[in-house]
Amino acid sequence: MAALFLAPWAIGFLVFTLGPLIASGYLSLTDYGLLSAPEFVGLSNYAKMLADDPRFMKSIGVTALYVFVSVPVTLVVAFLVAMLVNDRQRSSKAGGKPRRSPLFGFYRAAFYLPSLIAASVAVAILWVRLFAYDGIVNDLLAPLGLSPVAWIGQPGTAIWTIILLSVWSFGSTMVIFLAALKQVPAERYEAAGIDGAGMLRRLWHITLPAISPIILFNAVTVLVNALHSFTPAYIVSNGTGGPADSTLVFALYLYEQAFRDLNMGYASAMAVLMLLALAGITALIFASSRVWVHYED
Amino acid sequence: MKTSYSTTAALFHPRPRAGKAARHLLICLLLIFLLYPLAVLLLASFSDGGVIGSPGGLTLENYRAGWQGDGGSGFGRYFVNSSLISLASIVGTLLSCSLAAYTFARIDFPGRRVLFALMIGTLLLPKQVTVVPQYVMFNTLGMVDTYWPLTITHYFAVDAFYTFLMVQFIRGISPSLDEAARIDGCGHFGIFFRIIVPLSFPALATTAAFCFIHSWNDFLGPLLYLNDPGSFTVPLGLRQFMDSTGNSNTGGLLAMSVLSLVPLIAFFAVAQRLITEGISTTGLK
Amino acid sequence: MKVRAIRIAAAAAAVVLSTGLLASCGSSDPEPSSVSADDVAGNIRFSWWGSESRNARTNAVIDLFQKKFPVKVEGEPVDYLKYFERLNVQAAGGNMPCVTQMLTFGLNDYASKDLFLDLSDSKLLDLSTVDKGVVDSLRADDGALYMAPYGIAPSVIAYNTAMADKYGIDIPGNSMTWGEFFSWMRQAQQKLPKGVFAMDFPYNTPVEVITYLGSRGPVFTAGKPAFRAEDLAGWFSTWHELMDEGVVLPAERITDYTGSHEDSAMAAGVAFASARPANALGAIANGLKSHGLAPDVGYTLLPVADDGKATDLLPINGLSIPKSCDNVASAMAFINFWINDASANEAFAADNGAPTVAAYRGKLQDAPETGASTKDMIKVASEVVDRGSLAVDLPPKFQTTFLDAYRRVAISAFTGATSAEAAAEEIISRMR
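Everything quoted here is computed from the prediction, not taken from an experiment.

Looking now at the domain arrangement of chain C. The extent of an interface is frequently quoted as the accessible surface area lost upon association of the parts. Residue and element names in this part refer to chain C. Assigned domains within chain C: domain 1 (16–152 + 316–378) and domain 2 (155–313 + 397–431). Using C-alpha coordinates to define each centre, domain 1 is positioned 30 Å away from domain 2. In this assembly, 12 residues from domain 1 lie in contact with 13 residues from domain 2. Note on domain 1 versus domain 2: buried area summed over both sides is about 970 Å², and carbon and sulfur give 58% of it. The largest contributions to the domain 1 side of the interface with domain 2 come from Phe105, Asp109 and Asp376, which together make up 56% of the buried area. Inspection of the domain 1/domain 2 interface yields zero salt bridges. For the pair domain 1 and domain 2, the interface holds three residue pairs in polar contact (both at pLDDT 80 or more). By residue class, the composition of the side of domain 1 that touches domain 2 is five nonpolar, four polar and three charged.

In this section: the packing of aromatic side chains. Counted by the stated rule, this structure contains 80 aromatic pairs over all chains. For the pair C:Trp178 and C:Trp235, a centre-to-centre distance of 5.6 Å together with 80° between the ring planes defines the contact as edge-to-face. Of this pair, C:Trp178 sits in helix 7 (residues 178–191) while C:Trp235 is found in helix 9 (residues 229–244), placing the two residues 57 residues apart along the sequence. A residue is classified by how much of its surface remains accessible, and C:Trp178, at 5% relative accessible area, is buried. Here C:Trp235 falls in the buried class, since its relative accessible area comes to 0%. Centre to centre, the rings of C:Trp235 and C:Trp239 are 5.5 Å apart; their planes meet at 70°, and the pair counts as edge-to-face. Here C:Trp235 pairs with C:Trp239, and both are found in helix 9, just four residues apart, close to one helical turn. Accessibility classification places C:Trp235 together with C:Trp239 in one group, the buried group. The positively charged end of B:Arg171 is found above the aromatic ring belonging to A:Tyr295, 3.4 Å away from the centroid.

The full count for this structure, using the stated rule, is one disulfide over all chains. The side chain of C:Cys98 participates in a disulfide bridge whose partner is C:Cys325; the two sulfur atoms lie 1.9 Å from each other. Judged by the torsion about the S-S bond (95°), the C:Cys98/C:Cys325 disulfide is right-handed. You can see C:Cys98 sitting in the loop between helix 3 (80–92) and strand 3 (99–103) and its partner C:Cys325 sitting in the loop between strand 11 (316–320) and helix 11 (328–340), a full 227 residues away along the chain. The exposure class assigned to C:Cys98 is buried, which follows from its relative accessible area of 6%. Here B:Cys211 is not cross-linked by a disulfide; its sulfur's nearest cysteine counterpart is in B:Cys97, at 7.9 Å.

Let us look at the pattern of salt bridges. All chains considered together, the criterion is met by 29 salt bridges over all chains. For C:Arg430, the salt bridge goes to A:Asp261, with nearest N and O atoms at 3.4 Å. Here A:Asp261 lies in the loop between helix 13 (250–260) and helix 14 (264–292) and C:Arg430 lies in helix 16 (residues 420–431), a pairing that spans two chains. The network of salt bridges with common partners includes B:Asp243, C:Arg54, C:Arg57 and C:Asp351.

The next point concerns the pairing of strand 3 of chain C. Residues and elements named next belong to chain C. Summarising burial for strand 3: five of the five residues are buried, a large majority. Alignment of strand 1 (residues 42–49) against strand 3, held across two bridges, turns out to be parallel. Residue Ser47 lies in a different strand from strand 3, and its bridge partner there is Thr100. Alignment of strand 3 against strand 11, held across four bridges, turns out to be antiparallel. Residue pairing for strand 11: Gln101 is matched across the bridge by Leu319.

Between chain B and chain A, the residue contacts involve 102 residues of the former and 99 residues of the latter. Of the roughly 9,400 Å² buried between chain B and chain A, counting both surfaces, carbon and sulfur atoms make up 75%. Counting across the interface, chain B meets chain A through zero salt bridges. Between chain B and chain A we count 11 residue pairs in polar contact (both at pLDDT 80 or more) in total. For the side of chain B that touches chain A, the secondary-structure elements that each account for two or more residues are helix 1 (16–45), helix 3 (75–106), helix 4 (112–124), helix 5 (131–140), helix 7 (160–171), helix 9 (188–199), helix 10 (201–217) and helix 13 (250–276) of chain B.

Before going further, it helps to examine the packing of helix 8 (residues 171–182) of chain A against helix 10 of chain B. When two helices pack together, their arrangement is given by the angle between their axes and by how far apart the axes lie. Put simply, helix 8 of chain A and helix 10 of chain B touch, their axes get as near as 9 Å, and they point 165° apart. Relative to helix 10 of chain B, the element helix 8 of chain A is oriented roughly antiparallel. Between helix 8 of chain A and helix 10 of chain B lies a crossing whose hand is right-handed. For the pair helix 8 of chain A and helix 10 of chain B, the contacting residues are A:Ser172, A:Val175, A:Ile176 and A:Ala179 in the first and B:Pro202, B:Thr206 and B:Phe210 in the second.

Glancing now at the environment of C:Leu242. Residue and element names in this part refer to chain C. If you trace the backbone, Leu242 turns up in helix 9. Given the relative accessible area of 0%, Leu242 is considered buried. Not counting residues within four places of it along the chain, the set of residues in contact with Leu242 comprises Phe182, Arg186, Val247 and Val248.

As a further point, take the sheet that holds strand 5 (residues 155–160) of chain C. Residue and element names in this part refer to chain C. An order of 6-9-5-10 is seen for the four strands of this open sheet, with the pairing classed as mixed. Each edge of the open sheet carries a strand with a single partner, namely strand 6 (197–199) and strand 10 (297–301). Neighbouring strand axes in the sheet, compared pairwise and without regard to direction, differ in orientation by 30° on average. Most of the contacts of helix 10 (residues 281–290) go to strand 10, to which it runs at about 145°, and overall it touches strand 5, strand 9 (271–277) and strand 10.

In this section: the interface of chain C and chain B. Counting from both sides, the interface comprises 41 residues of chain C and, opposite them, 36 residues of chain B. A buried area of about 3,200 Å², summed over both sides, lies between chain C and chain B, and 54% of it is on carbon and sulfur atoms. Counting across the interface, chain C meets chain B through two salt bridges. In this structure, C:Asp79 and B:Arg239 form a salt bridge, with 2.9 Å as the shortest nitrogen-oxygen distance. Counting every contact that joins chain C to chain B gives 13 residue pairs in polar contact (both at pLDDT 80 or more). Going through the elements one at a time, helix 1 (2–23), strand 1, helix 2 (52–68), strand 2 (71–78), helix 3 and helix 10 of chain C are the ones with two or more residues in the side of chain C that touches chain B. Element by element, the count of residues in the side of chain C that touches chain B is highest for helix 3 of chain C, at eight residues.

All names here are of chain C. Averaged over all residues, the pLDDT of chain C equals 89, while 92% of them reach at least 70. The secondary structure element of chain C with the lowest average pLDDT is helix 1, at 50, and the one with the highest is strand 6, at 97. Scored below 50 in pLDDT, residues 22–27 makes eight contacts in the model with residues more than four places away or belonging to other chains.

This part takes up the pairing of strand 5 of chain C. Residues and elements named next belong to chain C. Most of strand 5 is tucked away, with six of its six residues classed as buried. Taking every second residue as pointing to the same face, both faces of strand 5 are buried, with Ser155, Ile157 and Tyr159 on one and Val156, Ala158 and Asn160 on the other. Inspection of the sheet shows strand 5 paired to strand 9 by five bridges, in the antiparallel sense. Bridged to Ile157 within strand 9 is Ala275.

Calculation criteria
Residues numbered from 1 in each chain as written. Chains lettered and ligands numbered in written order. Predicted model: local features only at pLDDT ≥ 70, side-chain atom pairs only at ≥ 80, totals over all residues. Heavy atoms only, no water. Domains from an automatic or database assignment. Contact = heavy atoms within 4.5 Å. Buried area = accessible area lost by both parts, 1.4 Å probe. Salt bridge = Lys/Arg side-chain N within 4 Å of Asp/Glu carboxyl O. Polar contact = N/O pair within 3.5 Å; in protein donor to acceptor, adjacent residues only side chain to side chain. Nonpolar A, V, L, I, M, F, W, Y, C, P; charged D, E, K, R; others polar. Phe/Tyr/Trp six-rings, centres within 6.5 Å; stacked < 30°, edge-to-face > 60°. Helix = DSSP H or I, 4+ residues; strand = E, 2+ residues; numbered from the N terminus. Buried < 20%, exposed > 50% of the residue type's maximum accessible area, 1.4 Å probe, protein only. Lys NZ or Arg CZ within 6 Å of the ring centre and 35° of its normal. Disulfide = S-S within 2.5 Å. Pairing = 2+ DSSP bridges. Axes fitted to C-alpha atoms, helices over the stretch in contact; angles between N-to-C directions. Parallel < 35°, antiparallel > 145°, perpendicular 65-115°, else oblique. Left-handed = near helix turned anticlockwise from the far one by under 90°. pLDDT = per-residue confidence, 0-100.

So, in structure tokens, the structure goes:
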């Protein structure tokens, strides 16, 4: 029965995932410029990456900053806002339909809105016009006596506009939290209410354990997405990772190597390294989840 | 007995009225901050010339010209194409991912942990490097310039994101219901369709919403696999407004970008009812 | 059992993929000279870069061609930024369109990999009508021609005519030297109001820097960098000084204006002048208009060497036929039509550079329906072709490595992250 249920996934894995996966593993050992056949070069891509590529090292640093800031902020903000817009729905013991404010439907959609558009060309133009030297943000800050800053053009500030763009689209993570909150059986809170448990205690003893599988999911996917993050940096830096490589996140550098410098072999080696690093990190998260994730089964 | 699964809003109980007002105030403040950039975008889409931040007179011309296009097939066509692809993708994802997720979450079979790890592993590889091998494969299969490369993978649960999401949701559902159903003589099919699917409505709706957005916004896939402008999707259509070697139409771009949000919002409005209704588990306990 | 199945499938997939990747290059070469007019039939794919307005003009040419020949042309428009990314993936799959738009900067990336047919000797494609200098500038070392040139788009110094009138800025003639150019910018700045810069740094194309390097000696020979590192360093430090003096838009504001021509600093009224491709004059005028400014754009040609010799790098757009094409005859006929047919030239109206056939430049110039900025561009192209341009042998990977490195390193040098000398050295080492 398991085999039957799993068949579509297994076929998909074998046909669409495993082949390309093995191909990139092989390509990482080659010199491959897309325009001619790959040439086997052994481990030299890896050697170059680790010993002789300052931009690779730079991109690791940029990515680390990006991940360390954007992942926790996105998760916390998404969770708090999900709590905030999760409207009260009294259990219908008294009979009749539960009372709910139509406003909350609107709120949820509104918080979700930025994540729908964050990857589009329009936002590429928008973000530049917001954070340009003579842009809208500086206009808003001027009455506070702050002198204008070229937010996107300076190495020190550019990465923060990108982090902001990624946090701005926290709505998708929020929706998943929201769905999880809805799955918590109401009677657990009712039971706790009888015990007179306070807000924080209820959060700690009921809500968080009940949604812990989804916390695990969001933690893993937000982290993976942040490490793979490409679009915000591409959009804001116009694809360059500049100024002075200050927004050259790992995936952007990988893309540059693969499609613009036509070093697909090198890019594949970068991808393999990323895969190994991520596998290590996620294995640790899953191992730790035995302690803090509470499954019903 | 009737039970409603719901909410942590009870957390904000103590002083209902003052707390309620403060909550709405806080939400509105956050929204002003968050939606300000979109308001700027919306205003610019109605402004003459489409310059962000220094609007000319208000006009509908951007929408008119953008919708008609100039040599392309017109934007209506792109909306239809994007809708078809998204719809096909959602159906496939819901079917294949929920089955796979149920298996991973509920059926104990040898090698489950290994396969689950493999599934998670596919989440971790940067997509940029699988693009070329995949293109070679679809080209060999003669599928370039069709919608197959954009939809078929969804019928085989290839995007681990959705499977993983559903696994986590299903594992949050109490297995006591499965047990009860099993005692009543249900097999896995019965449990899946009669217990898990109804109980996973928030998860299914979330998955559908995400799948819709991913398909609708996907740029690289259509860029590589679609040749004929008549088959283009909305993101490809938007790209046609801009070119660094010739004339660009920023006004049209902004207008159509705003318009391209409408189906996403409409879909979410429907899906979020499913997500947030909670589940009435009448008759299950 | 499962694991074994995976292993077998994996091996099979690997075999399929590696043959796929290899198959993309080792195809048998069609002979361009052996095709005849009888073979012009069937379907061909044609890809180009451009936005809506160019797509409309291109489709008009395709319609004209299809009326004359029993060939169906399947058009594939892509915007410029994504065009080459897409083409490279297509190349990897052995699936490039039969008629592939190319340009000077990228040609050698593909030609050096032996992906294109030599077009110099074909019955169906007549290039004797095209300016000889333009054709010769594109020939490979062995005389082969891998791209049929159709549009010339030289760069000019565009300037804001309304500002020049208002603030009394004199415009130098077409033969100023680079030194005279820089001092002109300094003088203009003294007359301009606060908040307007005389110029912005030429960030978008490599044309200006190579024209400058050409004025000081050979730039590339035999596909290798031949310019002196101190000349490139001098280019960076000169612009850096101009930025420090407030004559040129500061480095940290460059990225605010790197989108379309309509969003450039000059179009926003922040810069008086800007080095731009001549076919962007119309787009800049549109941009000025949407910023509420007078849409009048003047131009002067790029500066020349101290001895008066012009060294313009001439960006040329053209059409190539990949060796993987299965309908060479139709592709040849289409390119011939595109370049040599009067109605095609009229319909396309020089949308991507001035025609390479001098007669059609004259015709468009005289036609009343040709736009003013198109006439300007055609005039520039004729002038630049006449005064002689730089013969360069661009290295393979020029498009992929030089421009990216140039932009990145320029900003680093201006923001002080690296010295101008180190910046120049980095570019040279990347080109090797």
